[in-house]
Amino acid sequence: MAAEIIDGKAFAAKVREKVATQVARLKADHGLVPGLAVVLVGEDPASQVYVRSKGKQTVECGMNSYEHKLEATTSEADLLALIARLNADAAVHGILVQLPLPGHINEDLVINTIDPAKDVDGFHISNVGLLGTGQKSMVPCTPLGCLMMLRAHHASLSGLNAVVVGRSNIVGKPMANLLLKDSCTVTIAHSRTKDLAALCRGADILVAAVGRPEMITGDYVKPGATVIDVGINRIERDGKTKLVGDVDFASAAAVAGAITPVPGGVGPMTIACLLANTLTATCRANGLAEPEGLTA
Ligand code: GUN
């Protein structure tokens, strides 16, 4: 039986709709408008596209978007000073510094200067520590999006075997912590893992976040498993540039029970979860109940 295709584009639209509804309520009941500040240093074309898209969707949800575009030559001290101003600005509830930063700037220092309560990327070391110890935190957007889709797809995640392929700080590690928090039995696999295919074939939930185009083929997939493909890789095929995931979609979909496509799977969920995190940060900052179904 062919796998069910998990439609991330439709799912993200629903998340944005929920966010917009709650933003309207915050405004009506409390006179509050969530504000997201996005900081872009330099002119990386891919980053510019992301930032434009973030700004547009933020405004469409009824929130305020503050864009700070800085020259590639901006000093680390000037960037830290901007973050300090945004930390102190009561109209700003979320701060995102687009990565990567130019080489002369210490990324860890910049991220750890953001007020953890405004760290809507969930990259600050305090949020990493809170998530790692199962406490309430800001959660990185891509793994949060994956978790929302998994929760919608399974009545319960408790006791399921989950294999996360990839150990990055942005996806692999937080994804594993989130699945552990939902009582999965979690294994993190990586480039040195022995007999990866056999390990993956034991997974009820298989999350691919390795950054290697179409590496996970059907023989890595347990029949009926849910496969979440976080990869976004540009490849040349038949003289054209094509976007593919870390999963070989055709062979994996022939075995899986459900699978996310690329594009249109995890990708659209990342910005939707950024908006959800901005709403969550606004509610927490004002002592209000957190939005239901939009947090980990
Ligand atoms: N660059 C690529 N993805 C991301 C992301 O999720 N957050 C930030 N801050 N930068 C990125």
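Structure: above.
Residues numbered from 1 in each chain as written. Predicted model: local features only at pLDDT ≥ 70, side-chain atom pairs only at ≥ 80, totals over all residues. Heavy atoms only, no water.

**Student:** Sorry, what's going on with the environment of Lys-222 here?
**Tutor:** Mapped onto the fold, Lys-222 is located in the loop between β7 (205-208) and β8 (226-229). Along the sequence, Lys-222 and Cys-200 sit 22 residues apart, while their C-alpha atoms lie 7.4 Å from each other. Within the structure, the side chain of Lys-222 is placed 2.8 Å from the side chain of Asp-204, a separation counted as a polar contact. (Helix = DSSP H or I, 4+ residues; strand = E, 2+ residues; numbered from the N terminus. Polar contact = N/O pair within 3.5 Å; in protein donor to acceptor, adjacent residues only side chain to side chain.)

**Student:** For this particular structure, what's the right way to read the site of the ligand?
**Tutor:** What surrounds the ligand is the set Leu-96, Val-97, Gln-98, Leu-99, Asp-121 and Phe-123. For the ligand, a nitrogen atom lies 2.8 Å from a polar atom in the backbone of Val-97. Here Leu-99 contributes a backbone N or O atom positioned 2.9 Å from a nitrogen atom of the ligand. In isolation the ligand offers 280 Å² of accessible surface; the protein chains occlude 79% of this area. For the shell around the ligand, the residue count by class is four nonpolar, one polar and one charged. (Near = heavy atom within 4 Å. Areas by Shrake-Rupley, 256 points an atom, 1.4 Å probe, with all protein chains shown as cover. Nonpolar A, V, L, I, M, F, W, Y, C, P; charged D, E, K, R; others polar.)

**Student:** It is not clear to me how the pairing of strand β6 (residues 185-189) should be interpreted in this structure. Could you clarify?
**Tutor:** As a general feature of sheets, a regular strand has side chains that alternate between the two faces. Across five bridges, the pairing between strand β5 (residues 161-165) and β6 is parallel. Residue pairing across strands places Val-163 opposite Thr-187, the latter belonging to β6. Handedness of the β5-helix α7 (residues 172-181)-β6 crossover: right-handed. (Pairing = 2+ DSSP bridges. Right-handed = clockwise from strand over helix to strand, strands pointing away.)

**Student:** Can you help me understand helix α2 (residues 45-60) in this one?
**Tutor:** What sets the pattern is the α-helix's 3.6 residues per turn: residues three or four places apart point alike. Compared with an ideal rise of 1.5 Å per residue, which puts 16 residues at 22 Å, α2 spans 23 Å between its outermost C-alpha atoms and is within 8% of the ideal. Inspection of α2 places Ser-47, Val-51, Lys-54, Gly-55, Gln-57 and Thr-58 among the buried residues, and these make up the whole buried set. Where α2 is buried, its residues meet α1 (8-30), β2 (35-41), β3 (64-70), β4 (94-97) and α10 (267-285). (Expected span 1.5 Å × (residues − 1). Buried < 20%, exposed > 50% of the residue type's maximum accessible area, 1.4 Å probe, protein only. Contact = heavy atoms within 4.5 Å.)

**Student:** Even after reading the chapter, I still don't get the pairing of strand β9 (residues 233-237), so can you show me in this structure?
**Tutor:** Judged from the five bridges that link them, β9 and strand β10 (residues 240-244) form a sheet pairing that is antiparallel. Bridge assignment links Ile-235 to a residue of β10, and that residue is Lys-242. Between the antiparallel neighbours β9 and β10 lie two residues, among them Asp-238 with a positive phi of about 50°.

**Student:** I tried to follow the pattern of salt bridges on my own but got confused; where do I start?
**Tutor:** Pairing is possible between side chains of opposite charge, provided their charged atoms come close. Scanning the model with the defined rule gives seven salt bridges in all. Two residues, Asp-182 and Arg-151, come together in a salt bridge whose shortest N-O distance is 2.8 Å. Taken together, the residues Asp-182 in the loop between α7 and β6 and Arg-151 in helix α6 (residues 141-153) connect sequence positions 31 residues apart. Linking Lys-222 and Asp-204 is a salt bridge whose minimum nitrogen-to-oxygen distance equals 2.8 Å. One end of the pair, Lys-222, is in the loop between β7 and β8; the other, Asp-204, is in the loop between α8 (196-200) and β7, with 18 residues separating them in the sequence. Salt bridges sharing common partners tie together Lys-136, Arg-284 and Glu-290. (Salt bridge = Lys/Arg side-chain N within 4 Å of Asp/Glu carboxyl O.)

Spatial relationships are all this shows, so hold off on functional conclusions.
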